[in-house]
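Structure at a glance
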Amino acid sequence: MKKILMILSLVAISEMALAQHEAGDKNLNVGLGLGSTFASGSTTIPPLGASFEIGIKDEISVGGYLGYSASELKSGGFTAKYSYTIIGVRGSYHYDLLGDPKIDTYGGLMLGYNVAGVDWDGPGNAASAGGVSYSLYVGGRYAFSDKVGAFAELGYGIAYLQLGANVKF
């Protein structure tokens, strides 16, 4: 009986090690976007995004975001190549929505700057543009182990939906 209680205690402790989010946590998300927010024509480089956040409180994390995508549009014998980059700072509020220690649910906002560039081989000039951008997002992480998991985020960034890997430091 003591062995069974000890095994159950170890299992419970190991499950608690997968806690959703705590102050001091460092999370890196790297993902592929679906539903590009900037694409024109056919996508040559799908939306790629990465974010890094540090927990400053058990419920709050802050960090940065970098996203990139490229596409190409052919028309009338000419080609326009577009590139899109977003860099920003973000803050997330972590809320235990599902009550599962392997799942970290969160929502937040990002303030950033986006740069859209065009390389045009036709007549006239190609224009590039940039400006302040913002995003609201909701997401979740699923922990396969203490250090490795998967994430999904829905919001406005380089894509409407990002799916990928999470590494916790």
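All values reported here derive from a predicted model rather than from experimental measurement. (Residues numbered from 1 in each chain as written. Predicted model: local features only at pLDDT ≥ 70, side-chain atom pairs only at ≥ 80, totals over all residues. Heavy atoms only, no water.)

1. Section: the overall build of the chain
To keep it simple, the criterion reads: The numbering of helices and of strands both runs from the N terminus, where a helix is a DSSP run of H or I of at least 4 residues and a strand a run of E of at least 2. Under the scheme applied here, a residue whose accessible area is under 20% of the maximum for its type counts as buried, over 50% as exposed, and between as partly exposed, the area being computed with a 1.4 Å probe on protein chains only. Any two residues having at least one pair of non-hydrogen atoms within 4.5 Å are treated as being in contact. Each accessible area is a Shrake-Rupley result for a 1.4 Å probe, and residues are judged covered by the shown protein chains and nothing else.
Counting secondary structure elements, the chain contains one helix and eight strands. When the helices and strands of the chain are read in sequence order from the N terminus, they spell out α-β-β-β-β-β-β-β-β. For the chain, with 169 residues in total, the buried portion stands at 34%. Pairs at least 24 residues apart make up 57% of the contacts formed inside the chain by residues separated by at least 6 positions. Looking at the chain as shown, the accessible area adds up to about 9,600 Å², and 68% of this sits on carbon and sulfur atoms.

2. Things to note about the pairing of strand β5 (residues 103–120)
Just so we agree on the cut-off: Note on pairing: two strands pair once DSSP finds at least 2 bridges between them.
Where strand β4 (residues 78–94) meets β5, 15 bridges bridge the pair, whose relative direction is antiparallel. Bridge pairing in β5 links Gly91 to Leu109. Bridge count for β5 against strand β6 (residues 129–143) is 14 bridges, and the pairing is antiparallel. Within β6, the residue paired with Tyr113 across the bridge is Val132.

3. Concerning the environment of Val132
Looking at the element boundaries, Val132 is found in strand β6. Take Val132: its relative accessible area is 66%, and that puts it in the exposed class. Dropping the residues within four chain positions of it, Val132 is found in contact with Leu111, Gly112 and Tyr113.

4. A look at a nonpolar patch on the surface
Threshold: Every patch collects residues that have over 30% relative accessible area and no salt bridge, joining them within 9 Å if they carry like charges and within 5 Å if they are nonpolar side chains (Val, Leu, Ile, Met, Phe, Trp, Tyr). By definition, a salt bridge exists where a carboxyl oxygen of Asp or Glu is found within 4 Å of a side-chain nitrogen of Lys or Arg.
On the surface, a cluster of nonpolar side chains totalling about 850 Å² of accessible area is made up of Leu66, Ile87, Val89, Leu111, Tyr113, Val115, Val132 and Tyr134. At the level of elements, β4, β5 and β6 are the ones that each hand at least two residues to the nonpolar patch. Counting residues per element, the nonpolar patch draws most heavily on β5, which supplies three residues. On the accessibility criterion, Tyr134 (64% relative accessible area) is exposed.

5. Some remarks on the pairing of β6
With seven bridges connecting them, β6 and strand β7 (residues 148–155) associate as antiparallel partners. The residue bridging Ala143 from the neighbouring strand is Gly149, located in β7. Between β6 and β7, which pair antiparallel one after the other, the connecting turn spans four residues.

6. Regarding the environment of Glu53
Inclusion rule: Polar contacts, as counted here, are pairs of nitrogen or oxygen atoms within 3.5 Å of one another; within protein the pair requires one atom able to donate a hydrogen and one able to accept it, and residues that are adjacent in sequence qualify only if both atoms are side-chain atoms.
In this structure, Glu53 sits in strand β2 (residues 42–55). A sequence separation of 25 residues divides Glu53 from Leu28, and the C-alpha atoms of the two residues are 6.7 Å apart. When near neighbours in sequence (up to four residues on either side) are disregarded, Glu53 contacts Asp25, Lys26, Asn27, Ser61, Val62, Gly63, Arg90, Ser92, His94, Tyr137 and Arg141. Within polar-contact distance, the side chain of Glu53 engages the side chain of Ser61 at 2.8 Å.

7. Considering the packing of aromatic side chains
The description of two aromatic rings rests on the distance between their centres and on the angle between their planes. As a reminder, the rule being used: Planes of paired rings set the category: under 30 degrees apart is stacked, over 60 is edge-to-face and the rest tilted, where pairs are Phe, Tyr or Trp rings (Trp by its six-membered ring) whose centres lie within 6.5 Å. Think of it as a cone above the ring: NZ of Lys or CZ of Arg counts as a charge over the ring if it is within 6 Å of the ring centre and within 35 degrees of the ring normal.
The final tally for this structure, using the stated rule, is six aromatic pairs. Both rings, one in Phe78 and one in Trp120, keep their centres 5.8 Å apart while their planes meet at 40°; by these two values the pair is tilted. Of this pair, Phe78 sits in strand β4 while Trp120 sits in strand β5; the two residues are 42 residues apart in sequence, bridging distant segments of the chain. Between Arg90 and the ring centre of Tyr137, over which it is positioned, the NZ or CZ distance is 4.3 Å.

8. Examining the confidence of the model for the chain
The condition that has to hold: What pLDDT expresses is the predictor's confidence in each residue, scored from 0 to 100.
Averaged over the chain, the pLDDT score is 85; the fraction of residues at 70 or greater is 85%. Here helix α1 (residues 2–16) stands out as the element of the chain with the lowest mean pLDDT, 42, in contrast to β7, whose mean of 96 is the highest. In this model residues 4–18 is a low-confidence stretch, pLDDT under 50, and it forms eight contacts with partners more than four residues away in sequence or in other chains.

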